[in-house]
Amino acid sequence: RPVGCRFLLRWCFRMSGVVHSVNVSPEGGVPKIPVRSANVNTGGVEGDCNKFRAERRGGDPNRAVCIFSLEKIEGLKREGHPIEVGSTGENITIRGLEWDSLEVGMRLEIGGSTLELSEPCAPCSKIGGSFIERRFDRVDHALEFGWSRWLSRVVREGTVSVGDAVDIIITE
């Protein structure tokens, strides 16, 4: 692809962001606790245990990493929800991406890794404590387009750290 495409894409469509937080839960569950950096591989984020993926989804590689938007978290907080970074189980919290523009199949270069978006992450009761009256459907993609977390598979393994760039890779 031409060298100028990445710059043009960033400038015109704000298709880049920054890693705000890397989050893990060694025992599984929520909240996930922030760490400075972590290795990301096809099995997920090192140091993180996702019991649902491991036990009920057979380690599905399309659910290896969960991402969420800092701006969406802040918007939910303004609505009065007791949400915090990591409280909905995301592994990587990203600042600056146009969240509404994300689609299945998009690839994101995050630090030394590349992720491919698999599906919006359906919310479950485990994250209910992050919402007023446990209304976790507030981040259900089918009901509230653009507000969901995203699941992804790892295309390229690498290290992700707080402050790393996040770029959408154009594959066409």
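Keep in mind it's a predicted model, so treat the numbers as computed, not measured.

Undergrad: Quick one: what's the story with the sheet that holds strand S3 (residues 37-41), residue by residue and with numbers?
TA: Strand order in the open sheet made by the three strands is S4-S3-S10, with antiparallel pairing throughout. The sheet is open, and its two edges are formed by strand S4 (44-45) and strand S10 (158-161), each paired on a single side. Relative to S4, S3 runs antiparallel, the two sharing two bridges. Note on S4: the bridge partner recorded for Asn41 is Gly44.

Undergrad: Describe the nonpolar core, with residues and values.
TA: Val65, Ile67, Ile92, Ile94, Leu108 and Ile110 are the most contacted members of the largest nonpolar core, which totals 33 residues. With residues up to four places along the chain from it excluded, the contact list for Val65 reads Val40, Gly44, Val45, Asn91, Ile92, Leu115, Trp150, Leu151, Ser152 and Val154.

Undergrad: Describe the pattern of salt bridges, and please don't skip the residues or the numbers.
TA: If charged atoms from side chains of opposite charge come close, those side chains can pair. This structure, assessed with the given rule, holds 10 salt bridges. In this structure, Glu84 engages Lys77 in a salt bridge whose closest nitrogen and oxygen atoms are separated by 3.0 Å. Residue classification places Lys77 among the partly exposed positions, given a relative accessible area of 39%. The salt bridge partner of Glu109 is Arg156, with a shortest N-O separation of 3.7 Å. Of the two residues, Glu109 is situated in strand S7 (residues 107-110) and Arg156 in strand S9 (residues 149-156); the sequence distance between them amounts to 47 residues. For Glu109, a relative accessible area of 22% translates into the label partly exposed. A single salt-bridge network, built from bridges that share partners, covers Glu79, Arg138 and Glu144.

Procedures and definitions
Residues numbered from 1 in each chain as written. Predicted model: local features only at pLDDT ≥ 70, side-chain atom pairs only at ≥ 80, totals over all residues. Heavy atoms only, no water. Pairing = 2+ DSSP bridges. Helix = DSSP H or I, 4+ residues; strand = E, 2+ residues; numbered from the N terminus. Core = buried A, V, L, I, M, F, W, Y, C linked by side-chain atoms within 4.5 Å. Buried < 20%, exposed > 50% of the residue type's maximum accessible area, 1.4 Å probe, protein only. Contact = heavy atoms within 4.5 Å. Salt bridge = Lys/Arg side-chain N within 4 Å of Asp/Glu carboxyl O.

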